[in-house]
Amino acid sequence: MISELVGQERIIDNKDWATALFVLSFVIIAVTKSAFENRFADFSKLLVSNKYNKIYKESSQLFSWFNVALMSVLFVSMSFFIQLILDYIGLASRYNWILFIQLLTMCSIFILSKFLIEKIIAVAFDFEEVIDQYNLQKVNYRTYISLCLLPINMLLFYTDNLSVSVIYTLIALVLIANVLSYLNSLKIYQKFIIGKLFYFILYLCTLEIAPYYFVYYWFTKK
C-alpha cells in the first residue's frame, strides 16, 4: 500500500500585533495617569460625578496632552471593538491587522472631520465657544467609555466561541452609554439650545444623525 502524503496549508493566526497594541494602550494610560495624577483621578469618577467637566471646561483643554494621549487610546479601542463585532457576526477576521489599520484610519478621519465641520459651522453661526465646550464633553465621555471597553476588547479578542448574544448585549450597552452621555450634555446646554433651537435642529440633523446613518449604510452595503 502506497500512502500519499498530502500537504495542507497551515494557517496560523497572528496575534502579536494586537498584543503589542493592547500593551501600548495600557502603557499610555499608565503614563498619563502618572503625569496627570489629580486630573486622571477626577476623570476616573466621570461616571458618578460631573466635577471633571466643571474643572476642565475650557475649549483649550480639547487638545491638551491629557486628552490627546487618551484619545489615541479611544481610536484604538473603538477600532478593535468594531473589528471584533465584524468577526463575531462572520464578516471579517479579528486577526486581520490590515483591516484594523483601515478601521483605525476610518475612525480617526471620521471623528476629526466631523469635529472640523462642527468647528466651521460654529464659527459661521457665532456659537464657537459653546460648541467647543460641548465637543469637549462628548470627547470626555466617549474617551471614558473607550477606556472601559479596552479590557473587554482584550477578553473578546483572546476568547473563542462566545455567544453572539453577548456581542449584541455589549453593543446595546455601548449605545445606551453614548445616548445617556449625549442627553446629559444636552441638559447642561438646554438654555443655549432653546435660544437657538433652529440652529440646533440643523446641527442635530446634519452632524449628529446623518454621518452615523451614512456609516451604517456603508457598512451594511459592504
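Here the structure is shown first, and the text comes after it.
### A short note on the pattern of salt bridges
Oppositely charged side chains can pair when the atoms bearing their charge come close.
At step 1: Inspection of every chain in the model, using the stated rule, returns two salt bridges.
At step 2: Here D42 makes a salt bridge to K51, at a shortest N to O gap of 3.6 Å.
At step 3: We classify K51 as partly exposed; its relative accessible area is 47%.
At step 4: R94 is paired through a salt bridge with D87; the nearest N and O atoms lie 3.1 Å apart.

### Some points on helix 2 (residues 37-44)
Since there are 3.6 residues in each turn of an α-helix, residues three or four apart along the chain are aligned in direction.
At step 1: For helix 2, the set of buried residues is R39, F40, D42 and F43. Taken down its axis, helix 2 places every buried residue within 160° of arc, on the same side. Turned more than 90 degrees away from the buried face of helix 2 sit E37 and N38, all of them exposed.

### Quick look at the packing of helix 4 (residues 65-88) against helix 7 (residues 164-188)
At step 1: Viewed as axis vectors pointing N to C, helix 4 and helix 7 meet at an angle of 145°, and their least axial separation amounts to 10 Å. In the packing of helix 4 onto helix 7, the handedness of the crossing is left-handed. The residues of helix 7 that touch helix 4, namely those facing F81, I85 and Y88, are V164, I167, L170, I171 and V174.
At step 2: Classifying every residue of the contact of helix 4 with helix 7 by side-chain character gives eight nonpolar, no polar and no charged.

### Quick look at the nonpolar core
At step 1: The biggest cluster of nonpolar side chains holds 31 residues, and the ones touching the most others in it are I29, F43, F80, F81 and F157.
At step 2: Secondary structure elements with two or more residues in this core: helix 1 (16-35), helix 2, helix 4, helix 6 (128-157) and helix 7.
At step 3: Non-local contacts of I29, meaning those with residues more than four positions away in its chain, are made with F40, L70, V73, L147 and L150.
At step 4: Ranked by size, the runner-up nonpolar core spans seven residues in total, among them L62, M71, L136 and V139.

### Examining a nonpolar patch on the surface
At step 1: A cluster of nonpolar side chains, namely L173, I176, V179, L180 and L183, defines an oily patch on the protein surface of about 470 Å² accessible area.
At step 2: As for its placement among the helices and strands, I176 is situated in helix 7.
At step 3: On the accessibility criterion, I176 (47% relative accessible area) is partly exposed.

### So, the packing of aromatic side chains
The geometry of an aromatic ring pair is captured by two quantities: the separation of the ring centres and the angle between the planes.
At step 1: Going through the model one piece at a time under the given rule, you end up with 18 aromatic pairs.
At step 2: Here the aromatic rings of Y95 and F157 are separated by 5.5 Å at their centres, their planes lie at 75°, and the arrangement is edge-to-face. Pair noted here: Y95 is in the loop between helix 4 and helix 5 (97-124) and F157 is in helix 6, with a separation of 62 residues, a long-range link.
At step 3: Judged by relative accessible area, Y95 falls into the buried class, the value being 14%.
At step 4: By way of ring pairs, the aromatic residues W17, F22, F80, Y95, F100, F157 and Y158 are connected into one cluster.

Thresholds, definitions, all that
- Residues numbered from 1 in each chain as written.
- Predicted model: local features only at pLDDT ≥ 70, side-chain atom pairs only at ≥ 80, totals over all residues.
- Heavy atoms only, no water.
- Salt bridge = Lys/Arg side-chain N within 4 Å of Asp/Glu carboxyl O.
- Buried < 20%, exposed > 50% of the residue type's maximum accessible area, 1.4 Å probe, protein only.
- Helix = DSSP H or I, 4+ residues; strand = E, 2+ residues; numbered from the N terminus.
- Arc of directions from axis to C-beta.
- Axes fitted to C-alpha atoms, helices over the stretch in contact; angles between N-to-C directions.
- Left-handed = near helix turned anticlockwise from the far one by under 90°.
- Contact = heavy atoms within 4.5 Å.
- Nonpolar A, V, L, I, M, F, W, Y, C, P; charged D, E, K, R; others polar.
- Core = buried A, V, L, I, M, F, W, Y, C linked by side-chain atoms within 4.5 Å.
- Patch = residues over 30% accessible without salt bridge, like charges linked within 9 Å, V, L, I, M, F, W, Y side chains within 5 Å.
- Areas by Shrake-Rupley, 256 points an atom, 1.4 Å probe, with all protein chains shown as cover.
- Phe/Tyr/Trp six-rings, centres within 6.5 Å; stacked < 30°, edge-to-face > 60°.

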